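# Geometric and topological summary
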Amino acid sequence: MEIRNIGVLGAGAWGTALAISLARKNIPVTLWSRRAAHAEEMSSVRENQRYLSGFKFPNTLKIETDLKFLRDCEFILNVTPAQHLRANLEALKQNISQDVPMVICSKGIEKNSGKLMSSVFEETLPHYPFAILSGPNFAHEVAAGLPSATTLATSEEKLGKKLSEMIGQSTFRPYLTNDVIGAQMGGALKNVLAIACGIVAGAKLGENAKAALLTRGMAEILRLGDKMGARAETLMGLSGFGDLVLTCSSQASRNYSLGFQLGEGKQLDTILKSRVTVTEGVHTAEAIHRLSVDLQTEMPICHAVNDILNYGASVKEAVEGLLNRPFRDEKLAGFT
């Protein structure tokens, strides 16, 4: 199957890794950066030294700053941060046709509206074909060609199979589902729980506490996912439980490492100022808090993280609040 071009929007670590992975199949790929200086640097050194250093670009990978290149694309991977997706879609409207599928690779919930990325897409580009890519993937491992699996979610079976063939390879294996909501819920909520796990590690609260937090955090994902219309088997799969395990156990996770620094006693503003990348869980925490209140869903761990991030609560206060909750029956998958 001959592919004329694949567009990747967003030259952060994940966008760059996906572009490298696709170009490794010896197909034309164009990586878009919104900053001209960054694009020029990548074109010159054939590497993204700012966000994903150490991985040279394949010959079939080009860099672009003008969105007009999208007019010649077979399909598009949109890897812009979740909070900027709506504005990005508005900006590229005039350069894409309605028969070009877009794969949304952003994980999160829009802070102001409380909407998933699929809803943002459907509101901005109604009737355009799309899919969701979400799974337990670290960018540097995908760029290195290490074995990875991911979830590809779409309501259109034919589109899903076509995209799987285009994206997939032996070391990057997409698994299809039609549960578009479920694939997004796991990817969004795990960011907040990864911050919580990082706090536990940074504050040296122990492995028992981390195991308890992971398990009870999974219960929160299942509860809210059920209210949002997600299927439990999706949330217990790659894009839910799989992503949770990955991002809650490694300093390579931006959300976990931020939580770790909070647990050590560092201030949020100081941590964020030192970073060049977006830590999506900081924005998602407040959106999840609002959703859970609106949907009357108990989510004490996510609420505690939101209190720390957005309402000035100390780590000590948040932990004490969780530890002093009433004893109760364990209900992981009962959604109560």
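The structure under discussion appears in the preceding block.
Residues numbered from 1 in each chain as written. Predicted model: local features only at pLDDT ≥ 70, side-chain atom pairs only at ≥ 80, totals over all residues. Heavy atoms only, no water.

Glancing now at the side chain of aspartate 179. Mapped onto the elements, aspartate 179 comes out in the loop between β10 (172-177) and α7 (180-202). At 4.2 Å, arginine 231 is the nearest oppositely charged side chain to aspartate 179, a buried residue that forms no salt bridge. A distance of 2.7 Å separates the side chain of aspartate 179 from the side chain of threonine 234, its partner in a polar contact. In this structure aspartate 179 touches Ala153, Gly229, Ala230, Arg231 and Thr234, once residues within four positions along its chain are discounted. (Helix = DSSP H or I, 4+ residues; strand = E, 2+ residues; numbered from the N terminus. Buried < 20%, exposed > 50% of the residue type's maximum accessible area, 1.4 Å probe, protein only. Lys, Arg positive; Asp, Glu negative; His and termini not counted. Salt bridge = Lys/Arg side-chain N within 4 Å of Asp/Glu carboxyl O. Polar contact = N/O pair within 3.5 Å; in protein donor to acceptor, adjacent residues only side chain to side chain. Contact = heavy atoms within 4.5 Å.)

Turning to the packing of α7 against helix α8 (residues 207-228), a few remarks are in order. Following both chains from N to C, one finds α7 and α8 inclined at 150 degrees, their axes separated by 10 Å at the closest point. On the basis of their axis angle, the class for α7 and α8 is roughly antiparallel. The chirality of how α7 crosses α8 is right-handed. For the pair α7 and α8, contact is made by Ile181, Met185, Leu189, Leu193, Ala196, Cys197 and Val200 and by Ala209, Lys210, Leu213, Leu214, Gly217, Glu220, Ile221, Leu224, Gly225 and Met228, respectively. (Axes fitted to C-alpha atoms, helices over the stretch in contact; angles between N-to-C directions. Parallel < 35°, antiparallel > 145°, perpendicular 65-115°, else oblique. Left-handed = near helix turned anticlockwise from the far one by under 90°.)

Okay, the environment of serine 53 next. Here serine 53 lies in strand β4 (residues 52-56). Separated by 37 residues in the primary sequence, serine 53 and glutamate 90 have C-alpha atoms spaced 31 Å apart. Setting aside chain neighbours within four positions, we find serine 53 in contact with Glu47 and Asn48.

Another point: helix α3 (residues 85-92). The set of residues buried in α3 consists of Leu85, Asn88, Leu89 and Leu92. Angular distribution of buried residues about the axis of α3 spans 100 degrees; they occupy a single face of the element. In the core, the buried residues of α3 are packed alongside β1 (6-9), β2 (29-32), β6 (75-78), β7 (102-104) and α4 (117-124). (Arc of directions from axis to C-beta.)

Orientation of helix α14 (residues 300-310) relative to helix α15 (residues 315-323), taken along the N-to-C sense of each, is 165 degrees, at an axis distance of 9 Å. The orientation of α14 relative to α15 falls into the category roughly antiparallel. The two elements α14 and α15 cross, and the hand of that crossing is right-handed. Listed contacts from α15 to Pro300, Ile301, Ala304 and Ile308 of α14 are Val315, Ala318 and Leu322. Grouping the constituent residues of the contact of α14 with α15 by class yields seven nonpolar, no polar and no charged. (Nonpolar A, V, L, I, M, F, W, Y, C, P; charged D, E, K, R; others polar.)

Before going further, it helps to examine the nonpolar core. In this structure, Leu189, Ile195, Leu258, Leu262, Ile288 and Leu309 are the most contacted members of the largest nonpolar core, which totals 43 residues. At the level of secondary structure, the elements contributing two or more residues to this core comprise α7, α8, α11 (254-263), α12 (268-273), α13 (280-294), α14 and α15. Per-element accounting of this core gives the leading share, 11 residues, to α7. Beyond its immediate chain neighbours, meaning those up to four positions away, leucine 258 contacts Ile195, Leu268, Ile271, Leu272, Arg275, Thr279, Val282 and Leu309. (Core = buried A, V, L, I, M, F, W, Y, C linked by side-chain atoms within 4.5 Å.)

It is worth spelling out the pattern of salt bridges at this point. Under the criterion given, the structure shown has 12 salt bridges. Notably, a salt bridge pairs arginine 86 with glutamate 123, separated by 3.0 Å at the nearest N-O pair. Of this pair, arginine 86 sits in helix α3 while glutamate 123 sits in helix α4, and the two are 37 residues apart along the sequence. With a relative accessible area of 40%, glutamate 123 lands in the partly exposed category. Here glutamate 90 makes a salt bridge to lysine 93, at a shortest N to O gap of 3.3 Å. One network of salt bridges, in which partners are shared, links Arg86, Glu110, Lys115 and Glu123.

This is a description of form; function is not addressed.
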